[in-house]
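Topology and contacts: notes
One letter stands for each residue in the lines below.
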Amino acid sequence: MKRKHYLIGFGIIIIFVISFFVYNQTRYTTFENELSEIHSYYNHSEELTKIEITLFDINNNKGLSTVIENPSTIESIYEQLTSTNLKKTSTETDWINNYAIDLKYSNGAPTTHLLLFQDGKLFISEPFIHGSYHKTDSNKLYSYLENLELSWDREFELSEDE
């Protein structure tokens, strides 16, 4: 009888451990997978024609913005994005310096809006997806954008509302 109780207890622990690992693994994804979901939802395969990048420099209370239309630069940024591994996480983050990235498509399909923070958080906002992720690999997307030599088209002062 005692052995039966041990087996039941052991079985419950095994089921709990397996459930935990399955749940944890479902939280991992890639930016490319998320983008595929967006494209299939809207049933579009439009070409990415513009990327608007805005840097919110909280330390200096200013913002910088530019629109990138150069195909090779767009491809380079897109490759960095799609190679990023993500883990779903909470939306809490320190509102430190961040980049807003808007992916714009050829026929006016809804813009994919991203917020990328120094601490590795990435928010993806679409009309139907609002996901919060944390980068899980050594991909340094934030550093990549910092080192990308962008010519900023517009500079503005941050207000309390931004």
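Residues numbered from 1 in each chain as written. Predicted model: local features only at pLDDT ≥ 70, side-chain atom pairs only at ≥ 80, totals over all residues. Heavy atoms only, no water.

What about the overall build of the protein?
Quick reminder of the rule: Helix and strand assignments come from DSSP, with helices taken as H or I runs of at least 4 residues and strands as E runs of at least 2, each series counted from the N terminus. In this scheme, a residue with accessible area under 20% of its type's maximum is buried, one over 50% is exposed, and one in between is partly exposed, where area comes from a 1.4 Å probe on protein chains only. Residue exposure ignores everything except the shown protein chains as possible cover, and the areas themselves are Shrake-Rupley values with a 1.4 Å probe.
In terms of helices and strands, the protein carries 4 helices and 9 strands. Helices (α) and strands (β) of the protein occur, in sequence order from the N terminus, as α-β-α-β-β-α-β-β-β-β-β-α-β. The 162 residues of the protein split such that 40% are buried. Accessible area of the protein: about 10200 Å², with a carbon and sulfur share of 51%.

Looking at the side chain of Asp 102
Convention followed: Charged residues are defined here as Lys and Arg on the positive side and Asp and Glu on the negative side; His and the ends of the chain fall outside this count. One side-chain nitrogen of Lys or Arg within 4 Å of one carboxyl oxygen of Asp or Glu is enough to make a salt bridge. The definition of a polar contact used here is a pair of N or O atoms within 3.5 Å, where within protein one atom must be able to donate a hydrogen and the other to accept one, and adjacent residues in sequence count solely through side-chain atom pairs. Two residues form a contact once any of their heavy atoms are found within 4.5 Å.
Structurally, Asp 102 is set in strand β5 (residues 98-105). One buried charged side chain, Asp 102, makes no salt bridge at all; its nearest oppositely charged neighbour is Lys 104, positioned 5.0 Å away. At 2.3 Å, the side chain of Asp 102 and the side chain of His 113 are in polar contact. Not counting residues up to four positions away in its chain, the partners in contact with Asp 102 are Lys 50, Ile 51, Glu 52, Thr 111, Thr 112 and His 113.

As for the environment of Thr 84
By the secondary structure assignment, Thr 84 is in the loop between α3 (71-82) and β4 (85-88). Taking C-alpha positions, Thr 84 is 7.7 Å from Leu 141, a pair spaced 57 residues apart along the chain. Here the side chain of Thr 84 touches Gln 80 through a polar contact of 2.8 Å, landing on its backbone oxygen.

Comments concerning the packing of aromatic side chains
Threshold: Pairs were defined over the aromatic rings of Phe, Tyr and Trp, the Trp ring being its six-membered one, requiring ring centres within 6.5 Å. Orientation was assigned from the angle between planes: stacked under 30 degrees, edge-to-face over 60, tilted for the rest.
According to the stated counting rule, one finds 3 aromatic pairs in the structure shown. Aromatic side chains Tyr 99 and Tyr 142 sit 5.1 Å apart centroid to centroid with 65 degrees between the ring planes, which places their arrangement in the edge-to-face category. With a gap of 43 residues between them, Tyr 99 in strand β5 and Tyr 142 in helix α4 (residues 141-147) connect regions that are remote in the sequence. Measuring from ring centre to ring centre gives 5.4 Å for Phe 117 and Phe 123, while their planes differ by 75 degrees; the resulting arrangement is edge-to-face. Exposure remark for Phe 117: the relative accessible area of 0% places this residue in the buried category.

As for α3
Stated formally: For a helix, the expected span equals 1.5 Å multiplied by the number of residues minus one. In this description, the arc belongs to the directions extending from the helix axis to the C-beta atoms.
A rise of 1.5 Å per residue sets the reference length of α3, with its 12 residues, at 16 Å; its end C-alpha atoms lie 16 Å apart and thus fit the reference within 8%. Considered for burial, the residues of α3 that qualify are Ile 74, Ile 77, Leu 81 and Thr 82. Each buried residue of α3 lies within a common arc of 130 degrees when the element is viewed along its axis, so the set occupies one face.

Quick notes on the environment of Ile 96
For Ile 96, the location among the structural elements is in the loop between β4 and β5. For the pair Ile 96 and Ile 58, spaced 38 residues apart in the sequence, the C-alpha separation amounts to 6.2 Å. Ile 96 has contacts with Ile 58, Phe 117, Gln 118 and Asp 119, leaving out every residue within four places of it along the chain.

A word on the pattern of salt bridges
A full pass over the atoms with the stated rule returns 1 salt bridge. Of the charged contacts, one joins Lys 104 and Glu 52 as a salt bridge, the two residues approaching to 3.5 Å between their closest N and O atoms. Note that Lys 104 is positioned in strand β5 and Glu 52 in strand β2 (residues 48-57), a separation of 52 residues in sequence. What makes Lys 104 partly exposed here is its relative accessible area of 26%.

Quick notes on the pairing of β2
Successive residues of a regular strand alternate their side chains across the two faces of the sheet. Inclusion rule: At least two DSSP bridges between two strands are required for those strands to pair.
In terms of burial, β2 is a largely internal element, 8 of the 10 residues being buried. Strand direction decides the pairing type here: β2 and β5, joined by 8 bridges, are antiparallel. Bridging across to β5, Ile 53 finds its partner in Ile 101. Relative to strand β3 (residues 62-68), β2 is paired through 7 bridges, and the arrangement is antiparallel. Across the sheet, residue Asp 57 finds its bridge partner in β3, namely Lys 62. Between β2 and the antiparallel strand that follows it, β3, lie 4 residues; Asn 61 among them carries a positive phi value of about 55 degrees.

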